[in-house]
Amino acid sequence: MTAASHAPEGIEERVGAIVNLLLPALDCSVGLLVRADAPRLVIQVIGGTTAVNAGMSKQIRSQLSRPLLRPVVTGNLAPTSAARAYGEADWQQSAIRAEALQTLGVDQFAHLPIYGGPGLVTFVFGRSGEDFTDQNLALLASVQPVVAGLGKLLQLSRPTPSAVLGIIAIEVDSCDGGGDLLKLTDREIEVLQLLAHGHTAAVIARVADCSLRTVHRHLGNIYDKLAVGDRLSAVNRAQALGLLAPETVDA
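None of these values were measured; they are calculated from a predicted model. (Residues numbered from 1 in each chain as written. Predicted model: local features only at pLDDT ≥ 70, side-chain atom pairs only at ≥ 80, totals over all residues. Heavy atoms only, no water.)

A few words on the sheet that holds strand β2 (residues 42-46). The antiparallel open sheet is built from five strands, whose spatial order is β2-β1-β5-β4-β3. Of all the strands in the sheet, just β2 and β3 (80-81) have a single pairing partner and so form its edges. (Pairing = 2+ DSSP bridges. Helix = DSSP H or I, 4+ residues; strand = E, 2+ residues; numbered from the N terminus.)

Time to look at the confidence of the model for the protein. Scored by pLDDT, the protein comes out at a mean of 77, with 75% of its residues at no less than 70. Considering each helix and strand of the protein separately, the mean pLDDT is smallest for strand β6 (residues 167-173), with a value of 39, and largest for β3, with 96. Segment residues 1-5: pLDDT under 50, and 14 contacts once partners within four positions in sequence are set aside and those in other chains are kept. A low-confidence stretch, residues 247-251 stays under pLDDT 50, and its non-local contacts, those more than four residues away or across chains, total nine contacts. (pLDDT = per-residue confidence, 0-100. Contact = heavy atoms within 4.5 Å.)

One non-glycine residue, Asp27, lies in positive phi territory at about 55°. Take Asp27: it is sitting in the loop between α2 (11-26) and β1 (30-37). One non-glycine residue with positive phi stands out, namely Asp209, at about 60°. Considering the arrangement of structural elements, one finds Asp209 in the loop between α10 (201-208) and α11 (212-226). By relative accessible area, which is 68% here, Asp209 ends up exposed. (Buried < 20%, exposed > 50% of the residue type's maximum accessible area, 1.4 Å probe, protein only.)

If you trace the backbone, Gln108 turns up in strand β4 (residues 108-115). Apart from the residues within four sequence positions on either side, Gln108 is in contact with Ala83, Trp91, Gln92, Phe125, Gly126, Arg127, Gly129, Glu130, Asp131 and Phe132.

Looking now at the nonpolar core. Of all hydrophobic cores here, the largest spans 24 residues; its most connected members are Ile43, Val45, Ile60, Leu64, Trp91 and Phe109. Mapped by element, the contributors of at least two residues to this core are β1, β2, α3 (50-63), α5 (82-86), α7 (95-104) and β5 (119-127). By residue number, the principal contributor to this core is β1, which donates four residues. In this structure, Leu23, Leu26, Phe123 and Leu140 belong to the second largest nonpolar core, which totals 22 residues. (Core = buried A, V, L, I, M, F, W, Y, C linked by side-chain atoms within 4.5 Å.)

Moving on, we come to empty space enclosed by the protein. Applying the stated criterion across every chain, the model contains one cavity of 30 Å³ or more. Taken together, 13 residues make up the lining of the largest cavity; nearest its centre are Met56, Ile60, Gln63, Leu68 and Ile96. It is α3 that contributes the most residues to the lining of the largest cavity, four residues altogether. Grouping the amino acids of the lining of the largest cavity by side-chain chemistry returns ten nonpolar, three polar and no charged. (1 Å grid on protein atoms, 1.4 Å probe; cavity = no way out; pocket = protein on both sides within 12 Å on 5 of 7 lines; lining within 4 Å. Points joined across faces, edges and corners; volume = space filled by probe spheres on them. Nonpolar A, V, L, I, M, F, W, Y, C, P; charged D, E, K, R; others polar.)

Right under this line is the structure:
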């Protein structure tokens, strides 16, 4: 766990450092961190691609009142698997399992809760084939105190109603007529605002007091989340979503 404690500042890197330690031990191909403000149904998933995280956020939102995550919402931090929580037969017939198999290539999940209650934080691990064994769950239980301690050290904090993970959530229409939550961090909003005023990446780095590489990473995340490929489209899209007031956008 020393590697995780020395992970870089970004939360994605911090989560990745923990996940990468546990994936091989559990024979898993998917490892994600889920943070949820259950009362407001705002979900953050960290550790996958933008598309995977958005899809998982939608799935997890529907799971907060169902067998796998419901105990965590009520304060039960015991690691378990989806098959055990649902019952093997019900899990095999579950639409969530079928969707996960299609989108992620895995059909078995186990989770390692860090915080319980309505502001829950849990690591979710996925693999295909057999359900997680007693030994797998015993391993998760044994490392849980260490991971929880690292969570505090690395500031993987639980969400709060007043500041939901520092994330702005916007309801946007999806192509199938449904909705999903588009999430930009406070830092990404800051970069987007500077971008809207016509500043170059170099100027943004100086004003935001970060490296040019970090600015480009933020820009990449912004473009992915807004589903655009350039500065002008990002600004226009953000303005249309209400992220930027029209008068703040420079020509």
